[in-house]
Amino acid sequence: MRTVEDIEIRFPGSLAEALAWQADEKTRGRPLAGGTDLMVQWESGVAAIPERAVSLWGLKELKGIRETPRGIEIGAMTTHTELRSSPLVREKLPALAAAAATVGGRQIQNRGTIAGNVANASPAGDLAPTLLITDGLATAASASGRRDIPLAKLFTGYRKLDVRADELLVSFTLPALPAGAREKFHKIGTRAAQAISKVMGACRVRVQNGTIVSLAVSLGSVAPVPVRLPELEQWIAGRRVDLNLLEEVERRASAEVHPIDDIRSTATYRKWVSGRLVRALLEA
Amino acid sequence: MPATVQTRDPRWVGQGIPRVDAEDKVRGRAQYVDDLLVPNGWHGHVVRAPVPHGLLRGLTPDPAFDWSRVVVVTAKDIPGPNCIVSHDRSMPVIASDEFLYAGEPVALIAAPTLRLAREAAEHLRIDFEERPAILTLHEVADQFKHNDPALVKLCGQTIRKGDAEAALARAHKVVEAEYTAGHQEQLYIEPQGLVAEPTGDGGVFIYGSMQCPYFIVHELCEALALPPEKIRVKQAAVGGAFGGKEEFPTWLAGYVALLALKAKRPVKIVYDRHQDILYTTKRHPVWSRYRTGLNRDGTIAAIAVDFLLDGGAYLTLSDVVMYRGILHAAMGYRCDHVFVNGLVARTNTVPSGAFRGFGAPQAIWGLESHVDAMAAAAGMTPHEFRLKNCLVQGDTTPTGQVLKWSVGSPAVLEKSLERCRFDEQWKKCSRGKPGAKSWYGIGVSFFAHGAAFTGDGEARIKARAAMDLDWLAPGRPGGIVRVSSTEMGQGALTVLSQLAADGLGLDLSRVSCPFPDTALVPNSGPTVASRTTMVVGSCVYGAAGKLKKALEQFAGKPIASGKEFDEIASAYLNKHGRLRVEHLFVLPPGTQWDQKTFRGDSYPGYSWGCNVAEVEVDPRTLGIRVKKITAFYDIGKVVNPVLAKGQIEGGLVQALGYSVMEKIGIDRKGRFDASRMQTYIIPTMQDIPEMDLDFVEFPFDHAPPGAKGVGELPMDGLAPAIANAIEAATGLRMRDLPITPEKLYEHSQKNLGR
Amino acid sequence: MSTVKRTWVVNGERWTVDLPPGRRLLDALRNDLGLKGTKEGCGEGECGACTVLLNGEPVTSCLIAAGQVPDGAEIMTVEGLEKTEGGRILQEAYIERGAAQCGFCIPGMIMSSFALLSKTRTPDDAEIREAHAGNICRCTGYEKIIEAVKLAANRWPEK
């Protein structure tokens, strides 16, 4: 019977060393960030206990938040605490900052990372909707080079990502909120704090003279992966914001999702509240 | 220096002094069971039934595994009869031929490491034949409603006053509704854990986390084939219990004791949270049906109640939970014609058990929801209706008990309504008004809670407390409280110390109240039923007074100061050695109780309470936010106001969880579905409402200095107050706990469909 | 089983441990260092009873692989509180206000209080609630803990 103590956790001195290990099946390990998801899954038997793990936590190359021409670049090992308190993130990616502040309690925010949250690939992952609305990129590195993955294509299925076994997520590049646009994040959880979502959503919207120029809206916990609502986004562009529109938005958003029953909520409530949520996100 | 100190002048009672165990706790020095070193100790693990009901054909050890490294115990190893002596003898310690719930023990394993014990368990094949199972309250409630003979009734009891059916037939209006609530997990933060060590004389020493040391002794002595005195039980610091460590630790004690006796070494089992939620007792799910009749003048003509509890697989103590439930199911209101029909049904789930309130919250949930329905039918507001019909001094309860003393009604009701300006706020309720940004509602509940054991229970168990005059330290004599009552967080050690000090007329520093050890303490009864401060506390107070008198007799003069006590007590101890005095609790004169018909004085006294809840419901999401609770309580003489408020605040937040958060069902394998803290949701600091709490004191004179129970009372009334407030906010009447946005949505859709 | 060696400063004292890297920091503290003050309530980072400060920040020690705690890391547990003025003030405030009942959540709860007051001298109600939202208490209803934190904030040392 194996336990977490049997895992050979290795501590690379650099990203290059980690990538070299990951390149070879014999030295490759399960990437381990802050441990807030994986330690639970290993201890509880939800995830199989691997032979090896590679700890990315201390790698300086994976830390930091900076502005680049392509957008805000966020290192993979950036914690939720860093996200919610970074002036840059708060100004340019306010929905992400808001979402990071709803993850677990302070203790979890101090250890949980952006890459860990994404790589866990849970449909209830708190950050995903706020990442998806930016149309940004994830960058994966391997010993043979780097690859940008549009976030829209990153989540491929329930707990599955388009990241190869020899690759590590190293950063996210998220276009900043454009002038004249606004962002919102809202989570409907099981309680006021430390809640896993029943449904959550984020939107980035640009309204000019009362007319919607563009909308990006994303929901979590309503499908095996976090989703955008392309039909609604397409339909809404160019329309005037008024009560009729909001009612139609509610109807269409609700119609576009197909959630399930689970321990936290019901399919019917999720479907209904998805519409309510998207509507609330659009209401100024 | 004062000339005299009046022994009977309370000096400590009434003071919110800090807890005697607070310092250890904030320094991280309090020793809970998992903090204790167990030299040469092994770890125990329980092998469990994989399905909810089956015939056990055998256990097949894997021959490839090296069994010499572990010790295995099965039902065949039990020296005495294979049963836990609870309210019946139906539940085995380890299943032998049939198991009745998923997770019932079929074997026990001990090994030098927990890992090895678990590994061994994986190599033990359980051969069984699966049988059909009943898993939910809804199934048994349906069976009950349709008189289905398949319903397995574990026990039943009725209460009759007048002729309810005839009164219903005559009534001006009849109001009928059903109310349900699911399981609730105690979720003490310290999981269950015990250690057993074989003693030299063939007996066993059991210590750890528990509420009732003597339960373990008396419930296990048959199975272990040991005389009670060979089972020594000692409590360690307990990290919360709430009833969850009342009867369950006996089961666990059975596991560790059997393993320790066979392995001939100490064995410890500390559950992890997942095991703790899956395999320990919970609050009984309830289905109740109220049929009530109203007179034209808005008085109550009749109350008829069916009260059904899901007892789980075995009776354990469900009969008494149901008794307390039916005794509270029609309590609190004037009515000449009452019929309450209580029963406990079997399901193939973990036996339901004790949890703060012990049946009363389940009963009051239905009753106080239904009172709002009656008020509406009578064309009255909820508060007018309650003020008009509530029991007051001199009135008669459903069992025929005349409320002669210490009646905090209508005081608690009047004061609560006034404090929160109920009348004004009631008019502001939203009632589901379209277009509102937020829906506001206010709701009230009013209730009594029987203090101490039901009926003549206190007389039957002959609870007694002792005070020892002994050396607290070399050269420092003092009084040591000797009771089996336990500290589990509620503050018993502090309150009993206060009472002992006042009984002796001395400073607190001359009193000590250690954790109970059955080798040293008389049986003051279990730490349950809101009886510790009232009953045991009164015995301690009485014993301390007797101790003082004995010393005064020895000295031939009154003891007027601590210094005099030190001199006289030292002289006594040097001459005679330790002195023990005991005091027995006596029920009020004239107490009568018929256990067959449930007629008479069902409790020696009642605590009274009123809760007002103010809620906001978000029309966009139907999210429920409890904003404020206003509450008044009569718990008699308040011994320690800080601790008493702490009990109320904590109990109300547990009740908040019961009302709107804590949801746990049974999955397809017959196991609890929300079996981790990630899925079993209880309130955080962010979820708690503003609380405006106060006491009105109606002392109970038959147990000096006059305290009544407080522990369970705060759990009793919040759920219906919240449901009543939610109806005022949304126009939706919710009759199933917990009330969630999902249920509100479903209910709103049903209403639209009509 | 391969092990790693780590040297930490725990409650102001240097400790060197040699342990499997996947051992939970909680187990390392309780069993390797014998610091039994820190408690395990759930083992999945939900209850916060195992909260310790890692370089001044609260973390749930049940979710940290000890090997991931680097050499030189400063760890503070409930046992270290009384070595600091603020810690003693907090302990007194918890006692005075009746903030501990069963006491099992307290070793974690009070570390969250310490982390909060170390950074925010006069936290408002919302800040107090947020700072402790990762610590579950089943006894107190939190009210007395909030009172204790406010009392300690009033008495907190200037520097």
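This is a predicted model, so every value here is computed, not measured. (Residues numbered from 1 in each chain as written. Chains lettered and ligands numbered in written order. Predicted model: local features only at pLDDT ≥ 70, side-chain atom pairs only at ≥ 80, totals over all residues. Heavy atoms only, no water.)

What follows covers the overall build of chain C. Helix and strand content of chain C: 5 helices and 5 strands. Scanning chain C from its N terminus toward the C terminus, one meets helices and strands in the order β-β-α-β-β-β-α-α-α-α. Taking 159 residues into account, the globule formula puts the C-alpha radius of gyration at 15 Å, and chain C, at 15 Å, falls close to it. By principal-axis analysis of the C-alpha atoms, chain C measures approximately 50 × 35 × 25 Å. In chain C, which comprises 159 residues, the proportion classed as buried is 70%. Contacts spanning at least 24 positions in sequence make up 57% of the contacts within chain C whose residues lie at least 6 apart. With the model as given, the accessible surface of chain C reaches about 5,100 Å², and the carbon-plus-sulfur share is 46%. The positive charge centre, built from 19 side chains, and the negative charge centre, built from 22, are 3 Å apart in chain C. (Helix = DSSP H or I, 4+ residues; strand = E, 2+ residues; numbered from the N terminus. Rg over C-alpha atoms; globule rule 2.2 N^0.38 Å. Buried < 20%, exposed > 50% of the residue type's maximum accessible area, 1.4 Å probe, protein only. Contact = heavy atoms within 4.5 Å. Areas by Shrake-Rupley, 256 points an atom, 1.4 Å probe, with all protein chains shown as cover. Lys, Arg positive; Asp, Glu negative; His and termini not counted. Charge placed at Lys NZ, Arg CZ, Asp CG, Glu CD.)

Moving on, we come to the pattern of salt bridges. Going through the model one piece at a time under the given rule, you end up with 83 salt bridges over all chains. Among the salt bridges present, the one from B:Glu190 reaches B:Lys245, with a minimum N-O distance of 3.0 Å. In this pair, B:Glu190 is assigned in the loop between strand 8 (173-181) and strand 9 (193-198) and B:Lys245 in the loop between strand 11 (231-235) and helix 6 (248-263), connecting sequence segments 55 residues apart. Summarising the burial analysis for this pair, B:Glu190 and B:Lys245 share the class buried. Of the charged contacts in the structure, one is a salt bridge between B:Arg510 and B:Asp566, with a shortest N-O distance of 2.8 Å. With B:Arg510 in the loop between helix 14 (492-504) and strand 19 (511-512) and B:Asp566 in helix 16 (residues 562-576), the pair connects residues that are 56 residues apart, well separated along the chain. Residue classification places B:Arg510 among the buried positions, given a relative accessible area of 18%. On the basis of relative accessible area, B:Asp566 is assigned to the partly exposed category, the value being 24%. One network of salt bridges, in which partners are shared, links A:Arg147, A:Asp162, A:Arg164, A:Asp166 and A:Glu167. (Salt bridge = Lys/Arg side-chain N within 4 Å of Asp/Glu carboxyl O.)

Going from B:Pro704 to B:Pro705, the amide bond is cis rather than trans, its omega being 0°. Locating B:Pro705 in the fold gives a position in the loop between strand 25 (690-695) and helix 18 (713-716). Omega for the peptide link from B:Leu737 to B:Pro738 comes to -10°, which places this bond in the cis form. Within the secondary structure, B:Pro738 sits in the loop between strand 26 (736-737) and helix 20 (741-753). Residues other than glycine seldom take positive phi values, yet A:Asp135 does so here, at roughly 55°. Judged by relative accessible area, A:Asp135 falls into the exposed class, the value being 51%. Phi is positive for A:Ser221, which is not a glycine, with a value near 70°. When you line up the elements, A:Ser221 lands in the loop between strand 13 (211-220) and strand 14 (227-228).

Further remarks concern the domain arrangement of chain C. Residue and element names in this part refer to chain C. What the domain assignment reports for chain C is domain 1 (4-79) and domain 2 (81-155). Facing 20 residues of domain 1, the contacting portion of domain 2 comprises 18 residues. Summed over both partners, the interface of domain 1 with domain 2 buries about 1,400 Å², with 60% contributed by carbon and sulfur atoms. There are 2 salt bridges connecting domain 1 and domain 2. (Domains from an automatic or database assignment. Buried area = accessible area lost by both parts, 1.4 Å probe.)

Contact residues are listed per partner, giving 28 residues for chain A and 32 residues for chain C. Both faces combined, the contact of chain A with chain C buries some 2,300 Å², and carbon together with sulfur accounts for 53% of it. Applying the counting criterion to the chain A and chain C interface returns 4 salt bridges. Close ionic contact of C:Glu130 with A:Arg106 constitutes a salt bridge, the shortest N to O distance being 3.7 Å. Breaking the side of chain A that touches chain C down by element, the ones donating at least two residues are strand 1 (8-10), helix 2 (38-44) and helix 6 (106-109) of chain A. Grouping the amino acids of the side of chain A that touches chain C by side-chain chemistry returns 12 nonpolar, 8 polar and 8 charged. (Nonpolar A, V, L, I, M, F, W, Y, C, P; charged D, E, K, R; others polar.)

Residue and element names in this part refer to chain A. On the basis of which strands lie adjacent, the open sheet formed by 4 strands has the order 11-12-13-14 and antiparallel pairing. The open sheet has two free edges, formed respectively by strand 11 (181-189) and strand 14, since each of these has just one partner strand. Taken strand by strand, helix 12 (residues 267-282) contacts strand 11, strand 12 (197-208) and strand 13, and its axis lies near 30° from that of strand 12. (Pairing = 2+ DSSP bridges. Axes fitted to C-alpha atoms, helices over the stretch in contact; angles between N-to-C directions.)

Before going further, it helps to examine the environment of B:Asp594. All names here are of chain B. As for its position among the elements, Asp594 is in strand 21 (residues 593-594). Residue classification places Asp594 among the partly exposed positions, given a relative accessible area of 33%. Taking the C-alpha atoms as reference points, Asp594 and Asp456, 138 residues apart in sequence, are found 8.5 Å from one another. Here Thr597 takes part through its backbone nitrogen, which lies 3.2 Å from a polar atom of the side chain of Asp594. (Polar contact = N/O pair within 3.5 Å; in protein donor to acceptor, adjacent residues only side chain to side chain.)

This paragraph deals with the interface of chain B and chain C. In this complex, chain B contributes 50 residues to the contact, which on the side of chain C involves 43 residues. Taking both partners together, chain B and chain C bury about 3,900 Å²; carbon and sulfur atoms supply 58% of that area. When the buried area of chain B at its contact with chain C is split by residue, B:Val26, B:Ile189 and B:Met685 rank highest and sum to 21% of it. Put simply, chain B and chain C have 8 salt bridges between them. Between B:Arg27 and C:Glu82 there is a salt bridge; the shortest N-O distance is 3.4 Å. Joining chain B to chain C, the criterion identifies 25 residue pairs in polar contact (both at pLDDT 80 or more). Only helix 1 (22-26) and helix 17 (641-660) of chain B provide two or more residues apiece to the side of chain B that touches chain C.

We now examine the packing of helix 3 (residues 106-119) of chain C against helix 5 (residues 143-155) of chain C. All names here are of chain C. Running from N to C, helix 3 and helix 5 point in directions that differ by 35°, and their axes come no closer than 11 Å. The way helix 3 lies across helix 5 gives a crossing that is right-handed. Every residue of helix 5 that contacts helix 3 at Met109, Ser113, Leu116 and Leu117 is listed here: Ile145, Val149, Ala152 and Ala153. By residue class, the composition of the contact of helix 3 with helix 5 is 7 nonpolar, 1 polar and no charged. (Left-handed = near helix turned anticlockwise from the far one by under 90°.)

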